[in-house]
Amino acid sequence: MTRRKQMAPPTGTIFRLAWLDLRHEWILSLCMVLAIAAVLGPLLILMGLKYGTIQTLRDRLVEDPVNREIRPLQTEQLTPKWFAELLGRSDVGFAIPTILRGSSIARVDSPKRKSLTIDLIPTADGDPLLLENGGAIPGKEQCVLSLPAAEELKVEVGEHLRMTVSRTRNGERELEMSDLEVIAVLSARADALPRLYAPLDLVEDIEAYREGLAVPARGWPGGPAKPFTSFDGIRIVTEQPLDGLTLRGLGINTGLVDIDTLDASSFALAMGFSLPAGVSAYEFRARGNTIQDSSLSVIKSRLRGKVFVLLPFADDLVLELAGHPITAVGLSLSDDERRFLGLADLPWGGYRNEWTDAEVRQIILPNTLTESKEVLASVPILNGERLEFPLRSAVSDGYRFAIIPTELAGILRTGVTRRLEFKPDLGGLILARSGHRGFRLYARGIDDVPSLYRWFIDQNISVQTMAQEIERVQILDRGLTRIFWLVAAVGILGGMASLVANLYAAVERKKRDISVLRLMGLSRIQVFRFPVYQGQIMAVISVMGAIVGYFVLAGIINHVFSADLQLGQKICSLPMFYFATTLLITVAIAFLSSLLAAWKTTQIDPAEALREE
């Protein structure tokens, strides 16, 4: 007996049979397609509303670069290393250092004889505030104006402004002029204040010139910046006690807030020498700031007619001499003041507003130290750096601490907030360039603002952002996503149950027909594909129907809300990616749903057709 080889049906035969069977029972097939489309359609509309609403809110946040801006709330001394780290972050879209506010003030005059005193704002390539508000990046000798500035100056694009920068140096007023071309005027939303945007090098040059430095690149003359004095407070020794009204009056408009009366022991502990008998001593302190010579002048005028000595002081003044730390006190006294306090002669005399470097770099060492003609002093200054400079020393009795001129103590106190340098060829102690005190920063996207905000908080830098508004949109997005997937899960389970029941019932109903197919030579694997193909066909038709329904209803929704939306915005919209994903997921679910029915077909015996005949 020979076994005849079973002939395989032509390719696509099972698919055509599945399609023809669906067409034959088109009413039942249509009901199943509509049932699946009825599940998919609302899900697409729900996803479209969620996506369109969130995208509209995000667009409104993204369109205005101000929402991506991170503003510092306080002045910080920022190093080049810090800026390099900031610019290396992937969430930073644009960042540029800024200088101390008010350091780049200049007067600009328009051709229409309108003037405006304005603080220049630095900008550079990629500045989104300019590029996204109708502006352009200014080059050399160019600038961009905010709309209020352009209106005050009555200037238009293409016209030139005359910029005047002034300063007072060595008691004389100096000024320099330069012309700037207006290349753009920003839109009204960019800036509500009159501002002028210019390249960073111009802003830095103006700051340097105002500090008294020379700017060779622009031909502006100058010299090294002489450091100014600042103090944490002042001690006042008076022949007669001061009444309460006078004490309170000394704090008005001087920056001095805290007032203490010093007894003899407290005074000696602070100054290192004894308070003469029968006199009174007071200590005035500034809070959170320092005082300068202007405050000393006010106090002198208010104590006019009284016998007194002013002793400005700087806290925690410790010099390191030859590796030995030693506490220093600033003391500059005229002969009358020195005799009033009963002290020995000081080689530098009384306090002066103008001094030479040689006059202030002196020190009187306690007689417990070895005498030296010149000692190298080292003190901590800004950013943990140390300043080293030589002092001419002497030895004197009666002082427990090292004594330095009050002017030097004030200079070293300034070094806590401004970087100092010792340059013998430039005159000794000088102020270094101020450096960068802030920044203009824009995140790459609104989603990057919260992470940047946390980075600044971790560095103890206070900043202002729109992070709260952005986080509200993100929370709304997450909430709507959870609601969508909850509804989608219920719909998918219902659709799967309906499809499984329909396909399984169809197999039961067509058991005789399938057994005939088996009798005609189709294998178990071939009949297995029959319900699978039917499930796939119904899934594809259902998705197409749901998409058509989505577009019809989305068009109606967008038309209804069009009055509340800007041009191009839609409250119900979905990218094509979502439709493709919906088709793939639906086909996959249909495949899983047809497996039970497909397995059932493999259990049908061909003999069942003969028995029924």
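Residues numbered from 1 in each chain as written. Predicted model: local features only at pLDDT ≥ 70, side-chain atom pairs only at ≥ 80, totals over all residues. Heavy atoms only, no water.

**A closer look at the overall build of the protein chain**
Now for step 1: Check the secondary structure of the protein chain and you find 18 helices and 22 strands.
Now for step 2: The C-alpha atoms of the protein chain give 42 Å as radius of gyration, which overshoots the globular expectation for 613 residues (25 Å, by more than 25%).
Now for step 3: Projected onto its principal axes, the C-alpha positions of the protein chain cover 140 × 65 × 55 Å.
Now for step 4: Here the protein chain holds 613 residues, and the buried ones make up 46% of them.
Now for step 5: Within the protein chain, residue pairs in contact and separated by at least 24 positions form 76% of the contacts whose partners lie at least 6 positions apart.
Now for step 6: Carbon and sulfur atoms make up 57% of the accessible area of the protein chain, which amounts to about 31,500 Å² in all. (Helix = DSSP H or I, 4+ residues; strand = E, 2+ residues; numbered from the N terminus. Rg over C-alpha atoms; globule rule 2.2 N^0.38 Å. Buried < 20%, exposed > 50% of the residue type's maximum accessible area, 1.4 Å probe, protein only. Contact = heavy atoms within 4.5 Å. Areas by Shrake-Rupley, 256 points an atom, 1.4 Å probe, with all protein chains shown as cover.)

**Examining the packing of aromatic side chains**
Now for step 1: The tally for this structure, following the rule as stated, stands at 16 aromatic pairs.
Now for step 2: Note on Tyr209 and Trp220: the rings are 5.4 Å apart at their centroids and 65° apart in plane angle, and the pair reads as edge-to-face. A residue pair is termed long-range when its members are at least 10 positions apart, and Tyr209 in helix α6 (residues 200–210) and Trp220 in the loop between α6 and β9 (233–238) qualify at eleven residues.
Now for step 3: Trp220 sits in the buried class, given a relative accessible area of 5%.
Now for step 4: Seen in terms of ring centroids, Phe577 and Tyr578 are 5.8 Å apart; in terms of plane orientation they differ by 80°. Their pairing is edge-to-face.
Now for step 5: A relative accessible area of 58% places Phe577 in the exposed class. (Phe/Tyr/Trp six-rings, centres within 6.5 Å; stacked < 30°, edge-to-face > 60°.)

**Here we look at the sheet that holds strand β6 (residues 160–169)**
Now for step 1: Reading around the barrel, the six strands line up as β3-β4-β8-β5-β7-β6 and close back on themselves, with mixed pairing between neighbours. Put simply, the sheet's adjacent strands are angled 45° from each other on average, direction ignored.
Now for step 2: Pairing geometry for strand β3 (residues 105–109) and β6, over three bridges, is antiparallel. Paired with Val108 across the bridge in β6 is Met163.
Now for step 3: Packing against the sheet, α6 makes contact with β3, β4 (115–123), β6, β7 (172–185) and β8 (196–199), and its axis sits at approximately 30° to β6. (Pairing = 2+ DSSP bridges. Axes fitted to C-alpha atoms, helices over the stretch in contact; angles between N-to-C directions.)

**Digging into the sheet that holds strand β11 (residues 280–286)**
Now for step 1: The strand order β10-β11-β9-β12 describes an open sheet built from four strands, whose pairing is antiparallel. Strand pairing shows two members of the sheet lacking a second neighbour, β10 (256–262) and β12 (308–313), which therefore form its edges. Between one strand axis and the next, the sheet turns by 20° as a mean value, whatever way the strands run.
Now for step 2: As defined by bridge partners, β9 adjoins β11 across six bridges and the pair is classed as antiparallel. Residue Arg235 lies in a different strand from β11, and its bridge partner there is Glu283.
Now for step 3: Contacting β9, β10 and β12, helix α9 (residues 293–302) runs over the sheet at an angle of about 160° to β12.

**Let's talk about the side chain of Ser110**
Now for step 1: Assignment of secondary structure puts Ser110 in the loop between β3 and β4.
Now for step 2: Reaching out from Ser110, the side chain makes a polar contact with the backbone oxygen of Leu153 at a distance of 2.8 Å.
Now for step 3: Those residues in contact with Ser110 that sit more than four places away from it in its chain are Leu153, Val155 and Leu161. (Polar contact = N/O pair within 3.5 Å; in protein donor to acceptor, adjacent residues only side chain to side chain.)

**Regarding the packing of helix α13 (residues 449–458) against helix α14 (residues 467–509)**
Two numbers describe a pair of packed helices, the interaxial angle and the distance between the axes.
Now for step 1: Packing of α13 against α14 leaves a shortest axis separation of 9 Å and a crossing angle of 135°. Compared by their axis directions, α13 and α14 come out oblique. Every pair of crossing elements has a handedness; the one defined by α13 and α14 is left-handed. Counted together, Val449, Pro450 and Arg454 of α13 and Ala467, Ile470, Glu471 and Gln474 of α14 form the full contact between these two elements.
Now for step 2: Broken down by class, the residue content of the contact of α13 with α14 amounts to four nonpolar, one polar and two charged. (Parallel < 35°, antiparallel > 145°, perpendicular 65-115°, else oblique. Left-handed = near helix turned anticlockwise from the far one by under 90°. Nonpolar A, V, L, I, M, F, W, Y, C, P; charged D, E, K, R; others polar.)

**Concerning the pattern of salt bridges**
Now for step 1: What the rule picks out here adds up to 23 salt bridges.
Now for step 2: Notably, a salt bridge pairs Arg71 with Glu69, separated by 3.4 Å at the nearest N-O pair.
Now for step 3: For Arg71, a relative accessible area of 30% corresponds to the partly exposed category.
Now for step 4: Of the charged contacts, one joins Arg287 and Asp258 as a salt bridge, the two residues approaching to 2.5 Å between their closest N and O atoms. With Arg287 in the loop between β11 and α9 and Asp258 in strand β10, this pair connects stretches of sequence that are 29 residues apart.
Now for step 5: Look at Arg287 and you get exposed, because its relative accessible area is 57%.
Now for step 6: The partly exposed category is assigned to Asp258, whose relative accessible area is 28%. (Salt bridge = Lys/Arg side-chain N within 4 Å of Asp/Glu carboxyl O.)

**Some thoughts on the pairing of strand β20 (residues 428–431)**
Now for step 1: Where strand β19 (residues 420–423) meets β20, four bridges bridge the pair, whose relative direction is antiparallel. In the sheet register, Glu421 faces β20, and the bridge partner there is Ile430.

**Concerning a nonpolar patch on the surface**
Now for step 1: On the surface, a cluster of nonpolar side chains totalling about 540 Å² of accessible area is made up of Val548, Val552, Leu553, Ile556, Val560 and Phe561.
Now for step 2: Position of Ile556 among the secondary structure elements: in helix α16 (residues 524–560).
Now for step 3: Look at Ile556 and you get partly exposed, because its relative accessible area is 47%. (Patch = residues over 30% accessible without salt bridge, like charges linked within 9 Å, V, L, I, M, F, W, Y side chains within 5 Å.)

**Some words on unusual backbone geometry**
Now for step 1: Within the chain, Glu141 stands out as a residue other than glycine whose phi angle is a positive 60°.
Now for step 2: Mapped onto the elements of the fold, Glu141 is located in the loop between α4 (128–131) and β5 (142–145).
Now for step 3: Judged by its relative accessible area of 30%, Glu141 is partly exposed.
Now for step 4: Backbone geometry at Asn460 places phi at a positive 60°, although glycine is not the residue there.
Now for step 5: The residue Asn460 is located in the loop between α13 and β22 (463–464) in this model.

**Quick notes on the nonpolar core**
Now for step 1: Of all hydrophobic cores here, the largest spans 53 residues; its most connected members are Leu120, Leu196 and Leu319.
Now for step 2: Residue contributions to this core peak at five residues, all from α6.
Now for step 3: Filtering out sequence-adjacent residues up to four positions away, Leu319 remains in contact with His324, Pro325, Ile326, Ala328, Ile363, Ser378, Val379, Leu391, Ile404 and Leu412.
Now for step 4: Within the second largest apolar cluster, 37 residues are counted, among which are Met32, Leu517, Met538 and Ile557. (Core = buried A, V, L, I, M, F, W, Y, C linked by side-chain atoms within 4.5 Å.)

**Thoughts on the environment of Thr254**
Now for step 1: Its place among the elements puts Thr254 in the loop between α7 (244–250) and β10.
Now for step 2: Assessed through its relative accessible area of 3%, Thr254 is described here as buried.
Now for step 3: Sequence-distant contacts of Thr254, defined by excluding residues within four places in its chain, comprise Ile291, Ser295, Val298, Ile299 and Arg302.
Now for step 4: Of note is the side chain of Thr254, whose polar atom sits 2.8 Å from the backbone oxygen of Leu250.

**As for α9**
Now for step 1: The set of residues buried in α9 consists of Asp293, Ser295, Leu296 and Ile299. All buried residues of α9 project into a common sector of 155° when viewed along the axis, lining one side.
Now for step 2: Against the buried residues of α9 lie β9, α7, β10 and β12. (Arc of directions from axis to C-beta.)

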